Amino acid sequence: MSGAMRLLHTSDWHLGRSFHRENLIGAQSAFLDHLVDTIRERRIDVVAVAGDLYDRALPSVDAVRLFDRALSRIRETGARAVLISGNHDSMTRMSFATGLIDASGVHLRSSLDGVGAPVVVDDEHGPVAFYGIPYLDPELARHQWDLPERGHATAVGYAMDLVRADLAERPGTRSVVLSHAFVTGGEPSDSERDISVGGASHVPVRVYDGVDYVALGHLHGRQAITPSVRYAGSPLAYSFSEEHHVKGCWVVELDADGLADAEFVEAPVPRPLARIRGRIEDLLTLPEWDSHTDHWLQITLTDPRRPAHPMDRLRERFPHTLVLDFAPEGAAPDTRPVAASVADRSERQVVADFVEWARGTPATPEEEALVNTAVEQVRSQEGTR
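Within each chain, residues carry numbers counting from 1 in the order of the written sequence. Predicted model: local features are reported for residues with pLDDT of at least 70 only, side-chain atom pairs are reported and counted for 80 or more only, and whole-chain, interface and lining totals are derived from all residues. Side-chain descriptors were evaluated using all non-hydrogen atoms of the structure, hydrogens and water having been removed beforehand.

- Looking up the protein chain in an unreviewed UniProt entry gives the name Nuclease SbcCD subunit D, with the organism given as Nocardiopsis sinuspersici.
- UniProt positions are given in the numbering used here, feature names are shortened, and annotations may be inferred rather than shown by experiment. UniProt, in the comment section headed Function (unreviewed entry), describes the protein chain in these words: "SbcCD cleaves DNA hairpin structures. These structures can inhibit DNA replication and are intermediates in certain DNA recombination reactions. The complex acts as a 3'->5' double strand exonuclease that can open hairpins. It also has a 5' single-strand endonuclease activity."
- The annotation that UniProt attaches to the protein chain under Sequence similarities (unreviewed entry) is "Belongs to the SbcD family."

### Considerations on the overall build of the protein chain
Moving on, step 1. Going along the chain from the N terminus, every DSSP run of H or I of four or more residues is numbered as a helix, and every run of E of two or more is numbered as a strand. Looking only at helices and strands, the protein chain features 10 helices and 19 strands.
Moving on, step 2. With respect to the principal axes defined by its C-alpha atoms, the protein chain has extents near 80 × 50 × 45 Å.
Moving on, step 3. Every one of the 385 residues in the protein chain was classed for burial, and the buried ones make up 48%.
Moving on, step 4. Considering only contacts within the protein chain whose residues lie at least 6 apart along the sequence, 68% involve residues at least 24 apart.
Moving on, step 5. In the protein chain, the 39 positive side-chain charges and the 58 negative ones have mean positions that sit 3 Å from each other. Three labels apply to residues, based on accessible area from a 1.4 Å probe with only protein chains included: buried if under 20% of the type maximum, exposed if over 50%, partly exposed otherwise in between. The criterion used for residue contact is that any of the two residues' heavy atoms lie within 4.5 Å. The positive count covers Lys and Arg only, the negative count covers Asp and Glu only, and His and the chain ends enter neither. Where a charge lies is defined by one atom per residue type, namely NZ (Lys), CZ (Arg), CG (Asp) and CD (Glu).

### Side note on the sheet that holds strand E12 (residues 213-217)
Moving on, step 1. By this definition, two strands are paired if DSSP reports at least two bridges between them. Within the open sheet, the six strands sit side by side as E7-E8-E9-E12-E14-E13. Their pairing is mixed. With one partner strand each, in any of the chains shown, strand E7 (119-123) and strand E13 (223-226) form the two edges of the open sheet. On average, adjacent strands in this sheet sit at an angle of 20° to one another, irrespective of strand direction.
Moving on, step 2. Judged from the six bridges that link them, strand E8 (residues 126-133) and strand E9 (residues 174-180) form a sheet pairing that is parallel. By the bridge assignment, Ile133 is partnered in E9 with Ser179.
Moving on, step 3. Contacts from helix H6 (residues 152-168) reach E8 and E9, with the element oriented near 160° to E8. Axis definition: a line fitted to C-alpha atoms, over the contacting stretch in the case of helices. Angles run 0 to 180 degrees between N-to-C directions.

Structure below.
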């Protein structure tokens, strides 16, 4: 669209995160390559990153280097960048030197002090004000802003009041809000960190009334709460609950009247993931599972009894199996207590009972021999202390 300002809305990079012990730094780097290519191809004017830039408050050296390189490459395209901190980021650390880097065209908002003070970017239709609302810890926000109660809705509501008050002093200015929160109606996955505080974790969408576009972060699945209030989701899947997610970012266009269009651009998938289930022999032999040999897998075995060495056997066909569960077909819930009286039982008997309880079959002679060896070693070590 000629004359429209183009925004790229992304979020929840979680740089430095792993997936069931699989290092994802290479996949995250590949996503950022795709992001930079998209910025160039779509002639993006402003990149809006809605929080959870890192996966933890003290990120790894590799994660910091990747983030530094990403910001430099974004600026090399000519695009500006507006970013906020999320609940995984350190608010204090992320706000370091923001006044200095503002001059470079990278605007990181990670402080309550800056809420309501926009980054203003002009196009041929006039100014667009970008307001950053970082993740607001309800207790910190309550004390700093002297709020009447503790809760996410109250904190974000007050922040949006600051936004609207500033915007009222800018007639004719279009507006974009970046916010990291759990908006009512959003669909969570298993990989977001719980931000509930006294049951008041959700923020009603009406809180964001009065602005042209809201770039949300926190939930890891892309979704449009309303046409102008959207989650971009995480660029990679961070839990098996996201097996059907389509990952990527929103390309948003603002014309002279405000929001004109939003298109989702898919990101590359480093390795597909899936959850499959069945008996171990079926999974190892049936051709219907051939298409899953290159997936990251969560496998649930339904054999009536636990097979021996299941993970080793499964990884011969499915080398990227990460999670193994057991759900025997037709089995009633096991209500037997794990702990029983052990005062009159030997160590070998206790271990044998546990093996039979956990697996449903007695220990084999080979396993009994291993237990005997282990018990003797422990006794020998105890005797030398």
